[in-house]
Amino acid sequence: MLRQIGKRFATAIPSVIGVIIVTFLLTRVLPGDTAAYFAGPAATPQAIEEIRKTLGLDRPLPEQFVRYVKDLGRGDFGKSLTTGQPVITDIAQRLPASAELTLLGLIISILIAVPLGILAAVKQGSLIDHACRVVATAGVSLPVFFTGLILVYVFYFILGWSPAPLGRLDIYYSTPPHVTGFYLIDSLIAGDPGTFRAALSQLILPAVTLAIFSLAPITRMTRASMLAVLSSDFVRTARASGLSPRRVIVTYAFRNAMLPVVTTLGMVFSFLLGANVLVEKVFAWPGIGSYAIEALIASDFAPIQGFVLTMAILYVLLNLMIDMLYGVIDPRVRLEG
Amino acid sequence: MTSAPILLDVQNLTVEFMTRRGVVRAVQQVNVSVAKGETVGIVGESGSGKSVTSYAVMRILDRAGRIAEGAITFSGIDVRDAPESEMRDLRGREISMIFQNPRAALNPIRKVGHQIEDVLIEHVQASPSDAREKAIEALRRVRIARPEERYHAYPFELSGGMCQRVVIALALACQPQLLIADEPTTGLDVTTQKAVMDLVVELTRERGMSTILITHDLGLAAAYCDKVVVMEKGKVVEAAPSRDIFKSPQHAYTRKLMRSTPRIGVDLRDLLPEDMPPPAAQVASIDAATDKAPLLVVSNLVKEYPRQGVSGMMAQFFRRKNELPQSDVFRAVDGISFEIRKGESVGLVGESGCGKSTTSMMVMRLLDPTGGMITFDGDDIGAIPAKEFAKLPKRKRIQMVFQDPTDSLNPRFTAVRAIADPIMRLSDIRGRAAVRARCEELAGQVGLPEDLLDRFSHQLSGGQKARVGIARAVALNPELVILDEPTAALDVSVQAVVLNLLQDLKASLGMSYLFVSHDLNVVRLLCDRVIVMRAGKIVEEGLTEEVMSDPKTGYTRELLAAIPHPPL
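Residues numbered from 1 in each chain as written. Chains lettered and ligands numbered in written order. Predicted model: local features only at pLDDT ≥ 70, side-chain atom pairs only at ≥ 80, totals over all residues. Heavy atoms only, no water.

Things to note about the interface of chain B and chain A
Here is the rule we go by: Contacts were defined at the residue level, with two residues in contact if any of their heavy atoms lie within 4.5 Å. Buried area is calculated as the accessible area (1.4 Å probe) missing from two parts once they are joined, with the contributions of both summed. Salt bridges are defined by distance alone: a side-chain nitrogen of Lys or Arg within 4 Å of a carboxyl oxygen of Asp or Glu. What qualifies as a polar contact is a pair of N or O atoms within 3.5 Å, subject to a donor-acceptor requirement within protein and to the restriction that residues adjacent in sequence count only when both atoms come from side chains. Secondary structure elements are defined from DSSP: runs of H or I of at least 4 residues count as helices, runs of E of at least 2 residues count as strands, and each element is numbered from the N terminus.
On the side of chain A, 29 residues touch chain B, which itself brings 36 residues to the contact. When chain B packs against chain A, close to 2,900 Å² is buried across both sides, 58% of that on carbon and sulfur atoms. At the junction of chain B and chain A, the tally comes to one salt bridge. For Arg 247 of chain A, the salt bridge is made with Asp 118 of chain B, and the minimal N-O distance between the two is 3.2 Å. For the pair chain B and chain A, the number of links is ten residue pairs in polar contact (both at pLDDT 80 or more). For the side of chain B that touches chain A, the secondary structure elements donating two or more residues are helix H1 (50–58), strand E6 (95–98), helix H3 (102–105), helix H4 (112–122) and helix H12 (313–318) of chain B. No other element matches H4 of chain B, which puts four residues into the side of chain B that touches chain A.

Spelled out as structure tokens, the structure:
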């Protein structure tokens, strides 16, 4: 098992190296002069030149690259010019916020989408099947900022059930002591149900927004793959052996149908993690997506490099997890390793 | 037998399917009865409704199908109107079924032992505490060696024959009264087929069970059944004790079916229906074949594959130092030599996994050999990498007819497009009209009506698809054609026609054939010489008649003995 994980990591090394090179080059060809931005609108050309020199931007590209890689090796992702903090600190602060939001959104989505997909496949052509199609289509066709705003309007403005959409925690509560960076988990570890409830009430609307959006791919994939498996020979054998419908659907059909669903989950998760900028903006969520966007607008390349690299590494880890999950579900994959 | 009480009685059964083109009657007015302890064969070609009949008995028709008319009575229970819960009790406990393609019939990601347990527990034949013991016992009863280990195996870890044993164990676990075997041995090797059928017969006899054997193989039905029901297009055309039916078949369809079944002492031409005139082409040139120059010489051919799980650079890197590298390779083809002369047909026979397909792929130059020489018409073609060979003019001199006529045609191509493909790529014929004319000429040669040329492959029958495959292979006037089980997926009557067609084409176009098959009976009809392979090596080689009548090795004898023969 350990050897397999090691092998998988080894195959990911080239792609990580590729990502490092590409992001480095991309940030260098992006329009906008970092030194000029950093110096401010009133700076003289001389001052800009000086800043450029201190940032090492006057050096040839290969030299800059070597320095960049050396810094990476020491765990130094550079400094954000806008926040003035080391990029690694910024990311360490903001990544858990995004991850917590995305994970909860995904969990909600799975809890609704998978049973819905199974039902739609088992009762193909029924009312449930059509309802499932409508819900999924509606969910994916409404842009997230729109569903997010509607939710805020209904649940905050009209009903007043949820708190103001202003970040991860109401200002009356103090941040729970840092353990995982996930407020829900940290507050539980600290034994603080008040904070837990507060964090959850802040989290629930953006998470539902994400869930509505990601419902479609998961439902459709579950349905399609269940339909394929339900018409396969071994399900016929199971039915011909008189197994109960529950057993046939859960043990025989669903476990086999899970493989494509897991693949989709991985894709949806990595997509959401990087692409939920809009949700973060609507809910003033201090996530990694809005951080990257702000840096991009400011031509602040260190955070962008850091962001892309973090995403790449996360993506590699996620794929590794999915591969391992494959092995748990399907013994044939375990063998090939 | 007739005195035994009737266990299953099917009266006037009609099954309808709702399709996009309206209601299709798959089975019409079928009557079948099975007495206790009796074995009844239902014989027919594809589309005859034999499987649908059995699904109706189990009531596991898919959503589109329904029993429109008739009655099914199983030991006093009205199967047609019984509530679903009662049917569920019946399935697996009273009536069970074994299927074609055993590997697909088992849940691929569940241990076989657990699958047997599921059935035992469902029908309260075992409690969770003793289920494991009983599942192992069920495996032992179907003669699976080391059942305690096999209990933990997944279907992909077992051979096809072993999987079918597991399916049988599953079906017999609850001691049912009726076993329905739907093409239980199709796709298995002859020797495995014999072992599986003997096992089924032995187990059902010793429990006094009734069996329905659904098959397209008359020989199999004759060898194992008390009574045979012949079906054609959803109707029963003849039903009689098997002794009578083979001695004096009454219905024209039964006679046609029997005529076209390859069997000992029968010539290729005899397989054709009585009313079909013998083809005009003469078979004169065959005798002269023996003293012609060799067209293809294969010497000391070897193909090695890395064993699973140790491939790849990374794996090499992470392998522990004390592991031995020798065990990493598996020799699929282990140093074989043979030759094919001009105008000769050579049969390559063996069980699945013996390396015959690998050999044909290497000769076809789709696969690169690990060692040895392939000399075609004086040139060493084995040394040319497969990728480059496709671009050489030599490519058109060796062509192939593939096993599955459906899967080997591009579903988005019409028949004429499929045939034109090699012509446009490799011949000098240019221009729409000229290519079309050549395709029409080829269609005429293989007996494909011209009006079918613009159809897509799903609009063609199995036999028509096979003709398209053959037309495509002979389009470039090749000198050597490799036939990889070209008739394995076809019904016997279609097979008879296709085999005759191949024989005529060979005579008129002067080609050589390398015929790859596991079916000695079919090989015998078409080939001058036979090569028998086992585990990557040639065990016997000789003139077809000699090998068939006087096999030199035990293995060939075993292969020959395993073929079921209709008592004709």
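Structure's up, so let's keep going.
Description of the packing of aromatic side chains
Keep this limit in mind: Pairing of aromatic side chains requires ring centres within 6.5 Å, counting the rings of Phe and Tyr and the six-membered ring of Trp. Pairs whose planes differ by under 30 degrees are stacked, by over 60 edge-to-face, and all others tilted. Three exposure classes are used, based on accessible area relative to the maximum for each residue type with a 1.4 Å probe and protein chains only: buried under 20%, partly exposed in between, and exposed over 50%. Both a distance and an angle decide whether a charge sits over a ring: NZ of Lys or CZ of Arg must be within 6 Å of the ring centre and within 35 degrees of the ring normal.
For the structure shown, the criterion picks out five aromatic pairs over all chains. Judged by centre distance (5.6 Å) and plane angle (25 degrees), the ring pair of Phe 24 of chain A and Tyr 68 of chain A falls under stacked. Taken together, the positions of Phe 24 of chain A in helix H1 (residues 2–29) and Tyr 68 of chain A in helix H4 (residues 61–73) put the pair 44 residues apart, joining distant regions of the chain. Overall, Phe 24 of chain A belongs to the buried group, its relative accessible area being 2%. Here Tyr 68 of chain A falls in the buried class, since its relative accessible area comes to 9%. Feature note: the residues Phe 24, Phe 65 and Tyr 68 of chain A constitute an aromatic cluster, connected by ring pairs. One cation-aromatic arrangement involves Arg 168 of chain A over Tyr 183 of chain A; the distance from NZ or CZ to the ring centre is 3.8 Å. Between Arg 417 of chain B and the ring centre of Phe 413 of chain B, over which it is positioned, the NZ or CZ distance is 4.3 Å.

A look at the side chain of Gln 495 of chain B
Residues and elements named next belong to chain B. Looking at the element boundaries, Gln 495 is found in helix H18 (residues 492–509). When its relative accessible area of 8% is taken as the criterion, Gln 495 is described as buried. Reaching out from Gln 495, the side chain makes a polar contact with the side chain of Thr 487 at a distance of 3.2 Å. Leave out the neighbours within four places in its chain, and Gln 495 touches Pro 262, Thr 487, Leu 490 and Val 522.

So, the sheet that holds strand E12 (residues 329–341) of chain B
Residues and elements named next belong to chain B. Heads up, the condition is: For two strands to count as paired, DSSP must find a minimum of two bridges between them.
Reading across from one edge, E12-E11-E14-E15 is the order of the four strands in this open sheet, with antiparallel pairing throughout. For this open sheet the edge positions go to E12 and strand E15 (379–380), each flanked by a neighbour on one side alone. Bridge count between strand E14 (residues 371–376) and E15: two bridges; the pairing is antiparallel. Counterpart to Thr 375 in the pairing with E15 is Asp 380.

What to know about the domain arrangement of chain A
Residue and element names in this part refer to chain A. Convention followed: Domain delimitation in this document rests on an assignment produced automatically or drawn from a domain database.
Each assigned domain of chain A is listed here: domain 1 (2–73) and domain 2 (95–336). The centre of domain 1, based on its C-alpha atoms, is set 32 Å off from the matching centre of domain 2. At the junction of the two partners, domain 1 supplies 20 residues and domain 2 supplies 16 residues. Surface buried jointly by domain 1 and domain 2 totals about 1,600 Å² across both partners, of which 73% is contributed by carbon and sulfur atoms. By the criterion of area lost to domain 2, the three top residues of domain 1 are Arg 8, Thr 27 and Thr 34, representing 26% of everything that side buries. Our count for the contact surface shared by domain 1 and domain 2 stands at zero residue pairs in polar contact (both at pLDDT 80 or more).

Here's the deal with unusual backbone geometry
Residues and elements named next belong to chain B. Of note in this structure, Ser 75 is not a glycine but carries a positive phi near 35 degrees. Its location among the elements puts Ser 75 in the loop between strand E4 (65–74) and strand E5 (77–78). Under the relative-accessibility criterion, Ser 75 is labelled partly exposed at 39%. Phi angles above zero are rare outside glycine, and Glu 183 is one such case at about 45 degrees.

A look at the pairing of strand E18 (residues 512–517) of chain B
Residue and element names in this part refer to chain B. This is how it is decided: The path from the first strand over the helix to the second decides the hand: if it runs clockwise while the strands point away from the viewer, the crossover is right-handed.
Burial of E18 is extensive: six of the six residues sit out of reach of the surface. Side-chain alternation along E18 places Ser 512, Leu 514 and Val 516 on one buried face and Tyr 513, Phe 515 and Ser 517 on a second face that is also buried. Pairing between strand E13 (residues 345–349) and E18: five bridges, direction parallel. Paired with Val 349 across the bridge in E18 is Ser 517. Pairing between strand E17 (residues 480–484) and E18: five bridges, direction parallel. When the sheet's bridge partners are listed, Ile 482 is paired in E18 with Leu 514. Between the parallel pair E17 and E18, the chain is carried across by H18, and the sense of this crossover is right-handed.

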